[in-house]
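Analysis of the macromolecular model
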Amino acid sequence: MPNKGPVWSLGRPSGRQKEFFLASSRFVAYGGARGGGKSWAVRKKAVLLAARYPGIRLLLLRRSYPELRENHILPMLSELSGIALYKETEKAFTFGNGSRLRFGYCDAESDVLQYQGQEYDVIFIDEATQFTQYQFSTLTACLRGVRRLPRRMYLTCNPGGVGHMWVKRLFVDRAFRAGEDPEDHLFIQARADDNPALVKNDPGYLKMLDNLPEGLRQAWRDGCWDVFAGQFFPEFRRETHVTAPRALPRGWPRYRVLDYGLDMLACYWAAVDHTGRIWVYREFCRPGLIVSEAARAILERTPAEEAVRCTIAPPDLWSAQKDTGRTMAEIFHNCGVPLVRASNQRVHGWLVMKEFLKIREDGMPGLVVFDTCTRLIRDISAVQHDEKNPSDVAKEPHEYTHSPDAIRYLCVFRAMGAEPEPEQPDEDEGLEYDDYMTGGETADSYLDFGN
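Residues numbered from 1 in each chain as written. Predicted model: local features only at pLDDT ≥ 70, side-chain atom pairs only at ≥ 80, totals over all residues. Heavy atoms only, no water.

1. Overview of the pattern of salt bridges
Side-chain pairs of opposite charge can arise where the charged atoms are in close proximity. Using the following cut-off: Note on definitions: salt bridges are taken to be side-chain nitrogens of Lys or Arg within 4 Å of carboxyl oxygens of Asp or Glu. Three exposure classes are used, based on accessible area relative to the maximum for each residue type with a 1.4 Å probe and protein chains only: buried under 20%, partly exposed in between, and exposed over 50%.
For the coordinates displayed, the defined rule picks out 24 salt bridges. A salt bridge links Asp273 to Arg277; the nearest nitrogen and oxygen atoms lie 3.7 Å apart. Comparing Asp273 with Arg277 shows no difference in burial state: the two are buried. Notably, a salt bridge pairs Arg378 with Asp379, separated by 2.7 Å at the nearest N-O pair. Residue Arg378 is classed as partly exposed on the basis of its relative accessible area, which comes to 23%. Asp379 gets classed as buried once you look at its relative accessible area, which sits at 0%. Taken together, the shared-partner salt bridges in this structure form one network comprising Arg57, Glu119, Asp121, Arg144 and Arg151.

Here it is in structure tokens:
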């Protein structure tokens, strides 16, 4: 028989993998649980596209190069032997019809900038929840070209990771923002049970998933996006910690607490009942406000009949500005919002907050949130453990940290049991040096001093 040359085999895809192969939406996310055959599907889909569309430009990305090499480059060197030429210097396979599959990684946030200005017809992001939303958005700008070829981005994903929330928003919750077309986004849920090869060849893996602790099992076995590995507050549950708005007794002490920066003002109003339970009942979050604007917005949202005892704020607001020597706390005070300095012991503060989230003997937690505080509910669920210090909350993605920080200040303040008076600015603040030394402008009393 004549030698027909190397033969590439697709193999036998599962039902979910077939859905992935046939999907034609601009953004397709595949996965949701461990063992769904995601990496295999990505490799096969890339080769199918390269064979189907001569000259197509493909990019396959993972978080780090070692992961990329182990999960994709080495397997494809074997699978594509004699079919496509791999050049290590370019980290790319070139096919006989001119199609090209390049490999890349985005370990650091800035690594994505190396792809700016480049054009690709199809981009694969393997383990997309390890990528930030900034990296994803930057890469979408590379999805372009003048030829009539498919323009698509394929993502694989598991719950957890720095990109958990943006992937969940787009593909699971489908909570689209302006400019995002729902028709462009498709999510294909795949679990380990959907992978016949894994079920047949490694049944012990499924048993391992079944025996994981509750939170990990829900994420890794069932593909649950509300609980995931690395979540700092897995105890926070909508069904136990969130309630519909209700009238709160006027006699309950009221507090305001805020976390402020030019990138975001996160302000919350809370009441404390006779058992010490905290009820967070109002939220205001907005970026781009200078201090005077932030103070005015806070006052506008505080009804006159609410007797707020104090407004708690982070210590950095008491740092003097280099250009004026004034502090943001002073400006807040002068604008009608005097502040009380909060403790910023992060690890201790998170532990105190976890104590408030515990379910008490009466069946309710020590911290209850009105369902109108949507950002707080989202952010408490989203923050993760810091990789270097698991006892602390990761500071990235930064957009999810403002609301939990504010509530941390409030929890610590209540745990301390103190009711300090708002700090007053120094009466001599703002006097010129000569005025300060002489006690102000000269008056008759100055001339009469000492008789």
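2. Topic: the sheet that holds strand β8 (residues 185-190)
Test applied: DSSP calls a pair of strands paired once it identifies at least 2 bridges connecting them. Elements are defined by DSSP. Helices are runs of H or I of four residues or more, strands are runs of E of two residues or more, and each kind is numbered from the N terminus. Axis geometry follows a simple rule: fit a line to the C-alpha atoms, using only the stretch in contact for helices, then measure angles between N-to-C directions, giving values from 0 to 180 degrees. It only takes one pair of heavy atoms within 4.5 Å for two residues to be counted as in contact.
Taken in spatial order, the 8 strands line up as β3-β4-β5-β2-β6-β7-β1-β8 in an open sheet, and their pairing is mixed. If you trace the sheet from one side to the other, it starts and ends with β3 (84-87) and β8, each paired once. Across the sheet, the mean angle separating the axes of adjacent strands is 15° when strand polarity is ignored. Relative to strand β4 (residues 92-95), β3 runs antiparallel, the two sharing 4 bridges. Across the sheet, residue Ala84 finds its bridge partner in β4, namely Phe95. Against the sheet, helix α1 (residues 15-22) contacts β1 (27-32), β7 (152-157) and β8, and its axis sits at roughly 165° relative to β8. The strands that helix α5 (residues 164-172) touches are β1, β7 and β8; relative to β8, the one it contacts most, it runs at about 105°.

3. Quick word on the pairing of strand β2 (residues 57-62)
With 5 of its 6 residues buried, β2 lies for the most part within the structure. As judged from the 6 bridges shared by β2 and strand β5 (residues 100-105), these two strands associate in the parallel manner. Considered in β5, the bridge of Arg62 is made with Tyr105. Sheet topology places β2 next to strand β6 (residues 122-125); 4 bridges connect them, and they run parallel. For Leu60, the partnering residue across the bridge sits in β6 and is Phe124.

4. Describing the packing of helix α12 (residues 346-357) against helix α14 (residues 402-416)
What counts here: Should an angle fall under 35 degrees it is taken as roughly parallel, and over 145 as roughly antiparallel, whereas 65 to 115 is taken as roughly perpendicular and any remaining angle as oblique. Only Asp, Glu, Lys and Arg are considered charged, only Ala, Val, Leu, Ile, Met, Phe, Trp, Tyr, Cys and Pro nonpolar, and every remaining residue, Gly among them, polar.
It is at 8 Å that the axes of α12 and α14 come closest, and there the two elements cross at 80°. Here α12 is positioned roughly perpendicular relative to α14, judged by the angle of their axes. Contacts from Arg346, Gly349, Trp350, Val352, Met353 and Phe356 in α12 reach Pro404, Asp405, Ile407, Arg408, Cys411, Val412, Arg414 and Ala415 in α14. Residue composition of the contact of α12 with α14, grouped by class: 9 nonpolar, 1 polar and 4 charged.

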